[in-house]
Structure formats: C-alpha cells, structure tokens
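# A structural walkthrough
So you can see what is in the structure, the chains are spelled out below.
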Amino acid sequence: MVKQTVVQHVALECSSVQLADIFFIKVLGIPKVKSTMLPKELCSSIFQVDRSVQMETYDNGTARFEVFITAEPKSSSFVHIGLAIDNTTDFVARCKDHGLTPFFVQKGEKQLLFVRDFSENLFEMIEK
C-alpha cells in the first residue's frame, strides 16, 4: 500500500540572486537559509549540464525552494520536484513495475535518488 506522498522541496530557476531574494524573501517572506555552488560533476550527473551552478535555498519550515541561478532560457534542465517518500526500495520497485528507470547519484557520502516521469519531468525522491 502506498502511503501519503509529501512535497519535500520545489526547484526553480531565476536569472539573478537579487531577483530571487526579492521574490522569496520580500514578496513571499521565506528566508534564505543557504547559498551554495553546485559542482560541475553533480550538475552533469543529475541535470546533464556541464558546468557548476549557484543554488540559493529558501525555507520557512513549511515551504522549501531550491533556486538555480542561470541565465539560460527556461528550457534549461535544472527544474525538478523533490518529494518525501516512506521507503526507497518500495518506490524503486514501483517505478520499475511501471516501466520507469530511477537512478542514483553519489553526492559525497550520500546517495541521491532521481526519476523522470513519462514526460521527462525530473523528480528527486527523499526518504523520510
């Protein structure tokens, strides 16, 4: 039986840190909690983008947004949805049962799980 699925984070793109700060901090009231540079290797493994990219994280304890700073058109491939799941093994099995191909990416000591849906939308699955 599948338990409730919960949105863990939403990833979006923005053309500048300043514009992202205005929207998330000033308009939505969600504070910035982290600013990082995603390494080229990780960008390549997850998004098939061959360069590093700046990522700003905004989180108010209820809503979390990862904002990729990129000047590329909106068709770039950083956009993904993070979902919290109960059990990685069960999820991977369900994907395979329905013809989907989940993939794991190593990030330091941690293993990240991703899957593309039938329309090529990218989802990151985080075990609760």
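Report follows, based on the coordinates. These figures come from a predicted structure and were not determined experimentally.

Counting its secondary structure elements, the chain contains 3 helices and 8 strands. When the elements of the chain are put in sequence order from the N terminus, they spell out β-α-β-α-β-β-β-α-β-β-β. For 128 residues, the compact-globule formula gives about 14 Å, and the C-alpha radius of gyration of the chain, at 15 Å, lands near that figure. Its C-alpha atoms give the chain principal-axis dimensions of roughly 45 × 30 × 30 Å. The buried share of the chain, reckoned over its 128 residues, is 38%.

Here we take up the state of the cysteines. Counted under the stated rule, the structure contains 0 disulfides. Unpaired in this structure, C14 has its nearest cysteine sulfur neighbour in C43, at a distance of 16 Å. For C43, a relative accessible area of 0% corresponds to the buried category.

Moving on: the sheet that holds strand β3 (residues 53-59). The 8 strands lie next to each other as β2-β3-β4-β1-β5-β8-β7-β6, forming an open sheet whose pairing is mixed. Since the sheet does not close on itself, it has two edges, and those belong to β2 (32-38) and β6 (103-107), each with one partner. Adjacent strand axes in the sheet meet at a mean angle of 25°, parallel and antiparallel pairs treated alike. Pairing of β6 with strand β7 (residues 110-116), which is carried by 5 bridges, proceeds in the antiparallel orientation.

Think of a pair of aromatic rings as described by two things: how far the centres are apart, and how the planes are tilted against each other in angle. Applying the stated criterion across every chain, the model contains 7 aromatic pairs. Here the aromatic rings of F24 and Y58 are separated by 4.7 Å at their centres, their planes lie at 20°, and the arrangement is stacked. Of this pair, F24 sits in helix α1 (residues 17-27) while Y58 sits in strand β3, and the two are 34 residues apart along the sequence. One aromatic cluster in this structure is built from F23, F24, Y58 and F65.

Moving on: α1. Those residues of α1 that fall on the buried side of the exposure criterion are V17, A20 and F24. Taken end-on, α1 shows its buried residues confined to a sector of 65°, consistent with a single buried face. In α1, the exposed positions angled more than 90 degrees off the buried face are occupied by Q18, K26 and V27. Tucked inside the fold, the buried residues of α1 contact β1 (6-14), β2, β3 and β4 (64-69). Downstream of α1 by a residue or two, G29 has a phi angle that is positive, lying close to 75°.

Cut-off values and rules
Residues numbered from 1 in each chain as written. Predicted model: local features only at pLDDT ≥ 70, side-chain atom pairs only at ≥ 80, totals over all residues. Heavy atoms only, no water. Helix = DSSP H or I, 4+ residues; strand = E, 2+ residues; numbered from the N terminus. Rg over C-alpha atoms; globule rule 2.2 N^0.38 Å. Buried < 20%, exposed > 50% of the residue type's maximum accessible area, 1.4 Å probe, protein only. Disulfide = S-S within 2.5 Å. Pairing = 2+ DSSP bridges. Axes fitted to C-alpha atoms, helices over the stretch in contact; angles between N-to-C directions. Phe/Tyr/Trp six-rings, centres within 6.5 Å; stacked < 30°, edge-to-face > 60°. Arc of directions from axis to C-beta. Contact = heavy atoms within 4.5 Å.

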